[in-house]
Amino acid sequence: MLKKIHSDHDQTDRSLVLASMFEGGFTIDWLLELTGLKAKNILSTIEKGIEKRILIKEGPDCFSFMNNSDRINFQSSLNPTEKSRLNKLIVSIFLREPLDDVTTIAVVVSNLLKTTNDIDGCSWLLKAGDSYRRMKQHKKAIQCYKKVLKDLKNYDTDEADRIVFDATIGYSRVSNAESDLKSVSSALKESIIRVNKHEN
């Protein structure tokens, strides 16, 4: 009996450690895929986490750590190699998410804004930015567009240039504040230079 209790405790801790890799929150499905555990085990972990005020419920199926210090503490038990492997797996989970649910978009974006994204990640962020723009949520759209421009700054491919160009156009459409005008102008000039470089 003691062995089972210890095993359950270890399983709960391990689930929270893996959950800590989601910087902007997580869903039950994501944690299921990341841990490979059964749904009842994940639900038990989340329930215990909420009871101990480690986790909070953000939406119908979205959760996050109540304090970032707790998240970092759980994450600190992972070595760099394991973190890298999990980050790649998490991004692959994100990129399969459809852009038809506002809550899911918000959680995925909050995670992608806190990591360095490749072309696939930036392509997803660009689409999220466009979705926010259509919903008139301009501040959130700008966050997505600016992150794309930042993460693809050193990518030198036709596809990266296309994504940067589209993100720049999207950025220019939603930037009305005077403080953003210089950033938009600079981004447009850089985008034009990139496109012309590959066309010549």
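The notes below deal with the structure included here. (Residues numbered from 1 in each chain as written. Predicted model: local features only at pLDDT ≥ 70, side-chain atom pairs only at ≥ 80, totals over all residues. Heavy atoms only, no water.)

## Quick word on the nonpolar core
Inclusion rule: The definition of a nonpolar core used throughout is a set of buried Ala, Val, Leu, Ile, Met, Phe, Trp, Tyr and Cys residues joined through side-chain atoms within 4.5 Å. Buried residues are those whose accessible area, probed at 1.4 Å on protein chains only, stays under 20% of the maximum for their type, while exposed residues exceed 50% and partly exposed ones sit between those limits. Runs of E in the DSSP output that reach at least two residues are strands. Runs of H or I that reach at least four are helices, and both are numbered from the N terminus.
Among the nonpolar cores identified, the biggest contains 49 residues, and F22, F26, W30, F65, V109 and L152 are the most heavily contacted of them. Among the elements that make up this core, the one with the highest residue count is helix α7 (residues 119-134) (seven residues).

## Re empty space enclosed by the protein
As a reminder of what qualifies: The definitions used throughout rest on a 1 Å grid laid over the protein atoms alone, on which a cavity is an enclosed set of points accommodating a 1.4 Å probe that cannot get out and a pocket is an open set flanked by protein within 12 Å on both sides along at least five of seven lines; lining residues are those having an atom within 4 Å of a point. Grid points are joined across faces, edges and corners, and a volume is the space filled by probe spheres set on the points.
In the structure shown here, the tally under the stated rule is one cavity of 30 Å³ or more. Of the voids in this model, the largest cavity is the one considered here, and its volume is about 90 Å³. Surrounding the largest cavity, M21, F22, E23, N87, I90, V91, F94, N111, L112, K114 and T115 form its lining. When residues of the lining of the largest cavity are traced back to their parent elements, those giving at least two are α5 (80-94) and α6 (102-112).

## Brief notes about the pairing of strand β2 (residues 55-59)
Worth spelling out the cut-off: The criterion for strand pairing is that DSSP finds at least two bridges linking the strands in question.
Here four bridges tie β2 to strand β3 (residues 62-65), and the two strands are oriented antiparallel to one another. Each bridged residue has a counterpart across the sheet, and for G59 the counterpart in β3 is C62.

## So, helix α2 (residues 28-35)
Threshold: In this description, one arc is meant: the one made by directions from the helix axis to the C-beta atoms.
Three or more residues of α2 are buried, namely I28, W30, L31, L34 and T35. The buried side chains of α2 occupy one side of the element, clustering within an arc of 160° when seen end-on.

## Section: the environment of D161
Checked against the element boundaries, D161 lands in helix α9 (residues 158-174). Sequence-wise, D161 and L149 are twelve residues apart; in three dimensions their C-alpha atoms are separated by 9.8 Å.

## Here we look at unusual backbone geometry
Excluding glycine, a negative phi dihedral is what most residues carry, and trans is how most peptide bonds are arranged. In the Ramachandran plot, R53 falls in the positive-phi region, its phi being about 60° despite a non-glycine side chain. Here R53 is to be found in the loop between α3 (39-51) and β2.

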